[in-house]
Amino acid sequence: MSDTGDRPPNEKSQIWGGRFSVAPDEIMTAINASIGVDQRLWREDIAGSLAHAGMLAAQGIISAEDAAAIEIGLAQIAGEIESGTFVFTEALEDIHMNIEARLKELIGEAAGRLHTARSRNDQVATDFRLWLRTRLDETVSAMSELQGVLALKTRDHAGTIMPGYTHLQTAQPVTFGHHCLAYVEMLERDIGRFLDARERLNECPLGAAALAGTSFPIDRMRTATELDFNRPMANSLDAVSSRDFALEALSALTISATHLSRLAEEMVLWASPHFGFITFSDRFATGSSIMPQKKNPDAAELCRAKVGGLAGAFQALVLVMKGLPLAYSKDMQEDKARTFIAFDDFSLVLAAMTGMVDDMDVNEAAMKAAATHGASTATDLADWLVRDLGLAFRDAHHVTGAIVAEAEARRCHLADLPLEVLQHFHDGITDQVYGVLTVEASVASRTSYGGTSPDLVARQATQWLNRLSERFS
């Protein structure tokens, strides 16, 4: 048990004011300090302080001279942090006090006036929203790049036939381009969720102070506009105590990571010798320390694994926030660490997935060969029986099932069954049926909107490439 009774006041107790007369225990300092995490908010913290100082001066709350000194001092601090010469100290607890203490060293008493009409509560809420807003913008841009390489693969493989699966069993032929487009569409919905989250978080907490607002005649619209927020937050309690903006971003992140994990899983399967659909160059594969022949899709496997941490970050913050009374509680200091890690990991996943999609070489022959197995054109046969012979679909389904069983017994494809064998199951079948039993005919016939017809897929690829080009312009 430590004894701090004889320990003199330190810099930290001065930060808290005259209420405390002795320094905190070392363990208290260790659990309370957040500078190891939140120092990456320094840009946002300085931007918020500059906007706040400018507003205070404009409102006559501090002098123009003090505001100018604050601006010069903060610019010097930004330079020191950029160059790596700034000394962060745990004794000063967080990024806000580290910057303020250095500002006092540089400009003296004027530094203390910067904190007029604000609290670390509204300060950190503002910083966090600014940081997350930038990360969301970067994420949307990176996701659009991944969409771009998928759309290019779609264009190049609009007619490349592969098996489509349900239950991981061969179902119907599709094209590889069509498969790639499915992920383009998923990513677009993910982007929509990120943009929605960005819109909702883009309200400014600054000026809410500790929880109740302030008696100083501040102009919150000015600071909100200066920081590119849409508006100030309308309730001071909500402003300092809400973290749903981070939860929403982490939720969107988790959903998108799940989509990418599914693509990564398919890459792992496709790259295996049992499928042989794709190969990665040495740039996106690793070897084995004991088996010389191995070429492992480790990048895809790690992307697949990252979703666990991302989903965990969302769940962790949910559990932090679920029982907190209004307004601010120190529990909320745990909001940033996992969010930072989650966005770092997701950024890496996006870069890796973009690289792998661009890098992978498609084995068209293996894909087409696999598409011919498992009676993949059975539905085309049933449709032909309905369309050409007038059978009810359920009757056609029964006839086709019996024909499939016969093909399996003969160990051949449907198209290899002699006409007389087919007619054994229905005497109305003619040799025209062979026109629908090839995989080429099957994919070409899927002309309904959103179908796998190569012509449709090619048009959609062009539309997506044009759309993405406009997004980046």
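**Student:** Help me understand the overall build of the chain, please; the structure alone is not making it clear to me.
**Tutor:** Secondary structure assignment for the chain yields 19 helices and six strands. In summary, the chain has a C-alpha radius of gyration of 31 Å against a globular reference of 23 Å for 473 residues, an excess of more than 25%. Each principal axis of the C-alpha atoms in the chain carries an extent, and together these give about 100 × 50 × 40 Å. Here the chain, with 473 residues, has 47% of them falling under the buried criterion. Once local pairs closer than 6 in sequence are excluded, the contacts in the chain between residues at least 24 apart make up 73%.

**Student:** Any chance you could explain the environment of Leu130 here in plain terms?
**Tutor:** Of note, Leu130 is situated in helix H7 (residues 120-156). Owing to a relative accessible area of 6%, Leu130 belongs among the buried residues under this scheme. Expressed as a C-alpha distance, the spacing of Leu130 and Phe280, which sit 150 residues apart in the sequence, is 38 Å. Filtering out sequence-adjacent residues up to four positions away, Leu130 remains in contact with Glu44, Leu227 and Phe229.

**Student:** Any chance you could explain the packing of aromatic side chains here in plain terms?
**Tutor:** Pairs of aromatic rings are described using the distance from one ring centre to the other and the angle between the two planes. The final tally for this structure, using the stated rule, is nine aromatic pairs. On the numbers, 6.3 Å between centres and 90° between planes, the contact of Phe128 with Phe340 is edge-to-face. Here Phe128, found in helix H7, pairs with Phe340, found in helix H13 (residues 335-359); they are 212 residues apart in sequence, far enough to count as distant. Each member of the pair Phe128 and Phe340 is classed as buried. With a centroid separation of 4.5 Å and 55° between ring planes, the pair formed by Trp131 and Phe340 is classed as tilted. A residue pair is termed long-range when its members are at least 10 positions apart, and Trp131 in helix H7 and Phe340 in helix H13 qualify at 209 residues. Trp131 gets classed as buried once you look at its relative accessible area, which sits at 2%.

**Student:** Help me understand the pattern of salt bridges in this model?
**Tutor:** Where charged atoms of side chains with opposite charge meet at close range, the side chains can pair. If you walk through the whole model with that rule in mind, you get 29 salt bridges. Across the pair Asp335 and Arg243 runs a salt bridge whose closest N-O atoms are separated by 2.6 Å. With Asp335 in helix H13 and Arg243 in the loop between helix H10 (236-241) and helix H11 (244-271), this pair connects stretches of sequence that are 92 residues apart. Pair check on accessibility: Asp335 and Arg243 agree, each one buried. Here Asp345 and Lys306 are joined by a salt bridge, their closest N and O atoms 3.7 Å apart. A residue pair is termed long-range when its members are at least 10 positions apart, and Asp345 in helix H13 and Lys306 in helix H12 (residues 298-321) qualify at 39 residues. One continuous salt-bridge network, built from bridges that share partners, spans Glu93, Asp94, Arg120 and Lys330.

**Student:** I'm lost on the environment of Arg411 in this one. Help?
**Tutor:** Within the element layout of this structure, Arg411 appears in the loop between helix H16 (393-410) and helix H17 (419-425). C-alpha separation for the pair Arg411 and Tyr328, spaced 83 residues apart in sequence, amounts to 70 Å.

**Student:** Looking at this model, I keep getting lost on the side chain of Arg129. Mind explaining?
**Tutor:** Assignment of secondary structure puts Arg129 in helix H7. Here Arg129 sits buried without a salt bridge, and the closest side chain of opposite charge, Asp244, lies 4.7 Å off (N-O distance). The contacts of Arg129, once residues within four sequence positions are left out, are Arg200, Leu201, Glu203, Pro205, Phe229, Met233 and Phe245.

Rules behind the numbers
Residues numbered from 1 in each chain as written. Predicted model: local features only at pLDDT ≥ 70, side-chain atom pairs only at ≥ 80, totals over all residues. Heavy atoms only, no water. Helix = DSSP H or I, 4+ residues; strand = E, 2+ residues; numbered from the N terminus. Rg over C-alpha atoms; globule rule 2.2 N^0.38 Å. Buried < 20%, exposed > 50% of the residue type's maximum accessible area, 1.4 Å probe, protein only. Contact = heavy atoms within 4.5 Å. Phe/Tyr/Trp six-rings, centres within 6.5 Å; stacked < 30°, edge-to-face > 60°. Salt bridge = Lys/Arg side-chain N within 4 Å of Asp/Glu carboxyl O. Lys, Arg positive; Asp, Glu negative; His and termini not counted.

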